[in-house]
Amino acid sequence: MYWTEFLTVALIHLLAVASPGPDFAVVVRESVTHGRRAGTWTALGVGTAIFLHVGYSLLGIGLIVSQSIVLFNALKWAAAAYLLYIGYKALRAQPAPAVTDDLHKEAGERTARGAFTSGFVTNGLNPKATLFFLSLFTVVINPHTPLAVQAGYGVYLAAATATWFCLVALLFSQQRVRAGFARMGHWFDRTMGAVLIAIGVKLAFTEMH
């Protein structure tokens, strides 16, 4: 009975999650810099944050945020500040003396908790994600759809997001891929830092529609 609605939700989510954004940038950076384990934990952090968006969408809190310029701006500036912070740190990356040894060293330095938190905060503070899930649960999903079914959609969205970014982490943490990026050394980190800062600045100027 709800298959058509579910397929619509799945298609919209696929198009949204495949679009490059802060989630993609942070997963790629963690995967290349720290390895597959860190990249996977970051992906799981991003996926887990989806439950946060689904939760407040089901409770109607997202509607309140979308209608409050103060709350929306607070969320927007918190997200922008975080992206600017990690982007600034990446811009300060220094050349590595030994590529191979540095890769192993970096992989051992990043804790699972740190990587997971990085992914969770990046997605959780993104006001665009807030508006996306709000529109999804108020426009695309029929309000008369049983809460249990809507919660099921939420579980799917979280699992699909985590799976997608785990695949991204798997790709970018391949030794050959990492070695290729590592040859560019600190320039890769600086480039990713510039990307994150650009996204943060763009986010800071996002207006509520």
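Residues numbered from 1 in each chain as written. Predicted model: local features only at pLDDT ≥ 70, side-chain atom pairs only at ≥ 80, totals over all residues. Heavy atoms only, no water.

Operational definition: UniProt positions are given in the numbering used here, feature names are shortened, and annotations may be inferred rather than shown by experiment.
Taking an unreviewed UniProt entry as the reference, the protein chain is identified by name as LysE family transporter belonging to Pseudomonas ekonensis. The annotation that UniProt attaches to the protein chain under Subcellular location (unreviewed entry) is "Cell membrane".

### Focus: the overall build of the protein chain
This is how it is decided: To qualify as a helix, a DSSP run of H or I must reach at least 4 residues; to qualify as a strand, a run of E must reach at least 2; elements of each kind are numbered from the N terminus. Under the scheme applied here, a residue whose accessible area is under 20% of the maximum for its type counts as buried, over 50% as exposed, and between as partly exposed, the area being computed with a 1.4 Å probe on protein chains only. Only the protein chains shown count as cover for residues, with accessible areas throughout obtained via the Shrake-Rupley method and a probe of 1.4 Å.
Check the secondary structure of the protein chain and you find eleven helices and zero strands. Of the regular secondary structure in the protein chain, the N- to C-terminal order runs α-α-α-α-α-α-α-α-α-α-α. Of all 209 residues assigned to the protein chain, the portion counted as buried reaches 44%. Working note: accessible area of the protein chain is about 11100 Å², and carbon and sulfur atoms make up 69% of it.

### Focus: the confidence of the model for the protein chain
Heads up, the rule is: For every residue, the pLDDT score states the predictor's confidence, bounded by 0 at the bottom and 100 at the top. Whether two residues touch is decided by their heavy atoms; if any such pair falls within 4.5 Å, the residues are in contact.
Chain-level statistics for the protein chain give a pLDDT mean of 79 and a share of 75% at 70 or above. Every residue in residues 97-107 is under pLDDT 50, and counting partners more than four places away or in other chains gives ten contacts.

### A word on the environment of R37
Relative to the elements of secondary structure, R37 occurs in helix α3 (residues 36-59). Note on R37: relative accessible area 52%, which makes it exposed. Spatially, the C-alpha atom of R37 lies 9.0 Å from that of R110, the residues being 73 residues apart in sequence. Setting aside anything within four residues of it in sequence, one finds R37 in contact with R110, T111 and A112.

### Quick look at the UniProt feature "transmembrane region" (unreviewed entry) in the protein chain
Taking the UniProt record as the reference, the feature "transmembrane region" (unreviewed entry) is found at residues 41-63, 70-88 and 153-172. Strand forms 0% of residues 153-172 and helix 100%; the C-alpha atoms that close the span are 29 Å apart.

### Details of the packing of helix α2 (residues 22-34) against helix α9 (residues 147-172)
Short version of the rule: Only the stretch in contact is used when fitting a helix axis, every axis being a line fitted to C-alpha atoms; angles between N-to-C directions are given from 0 to 180 degrees. Handedness of a crossing is defined here by the sense of rotation of the near helix relative to the far one, left-handed for an anticlockwise turn of less than a right angle and right-handed for a clockwise turn. Residues are grouped as follows: Ala, Val, Leu, Ile, Met, Phe, Trp, Tyr, Cys and Pro are nonpolar; Asp, Glu, Lys and Arg are charged; all remaining types, including Gly, are polar.
Relative orientation of the contacting elements α2 and α9 amounts to 40°, with a least axis distance of 8 Å. Crossing hand, α2 versus α9: right-handed. Contacts between α2 and α9 involve D23, F24, V27, V28, S31 and V32 on the former and, on the latter, F165, V168, A169 and F172. The residue inventory of the contact of α2 with α9, partitioned by class, reads eight nonpolar, one polar and one charged.

### A short note on the packing of α3 against helix α7 (residues 112-124)
Keep this limit in mind: Should an angle fall under 35 degrees it is called roughly parallel, over 145 degrees roughly antiparallel, and 65 to 115 degrees roughly perpendicular, with every other angle called oblique.
For the pair α3 and α7, interaxial distance at closest approach is 7 Å and the crossing angle is 40°. Overall, the two elements α3 and α7 adopt an arrangement that is oblique. Where α3 crosses over α7, the handedness of that crossing is right-handed. Contacts between α3 and α7 involve R37, A38, W41, T42, L44, G45, V46, T48, A49, I50, L52 and H53 on the former and, on the latter, A112, A115, F116, G119, F120, N123 and G124. When grouped by side-chain class, the residues that make up the contact of α3 with α7 number eleven nonpolar, seven polar and one charged.

### Structural notes on helix α8 (residues 127-140)
Just so we agree on the cut-off: Expected span of a helix, by definition, is 1.5 Å for each gap between consecutive residues, and there is one gap fewer than residues.
With 14 residues, α8 should reach 20 Å at 1.5 Å per residue; the first-to-last C-alpha distance of 19 Å fits that figure. Every buried residue of α8 is listed here: P127, A129, T130, F133, L134, L136 and F137.

### Observations concerning the side chain of S173
Where we set the bar: Polar contact is defined as a pair of N or O atoms within 3.5 Å, subject to the rule that within protein one atom must be able to donate a hydrogen and the other to accept it, and that residues adjacent in sequence are counted only when both atoms are side-chain atoms.
Counting through the fold element by element, S173 comes out in the loop between α9 and α10 (175-183). Judged by relative accessible area, S173 falls into the buried class, the value being 6%. Looking at S173, its side chain comes within polar contact range of the side chain of R36, at 3.2 Å.

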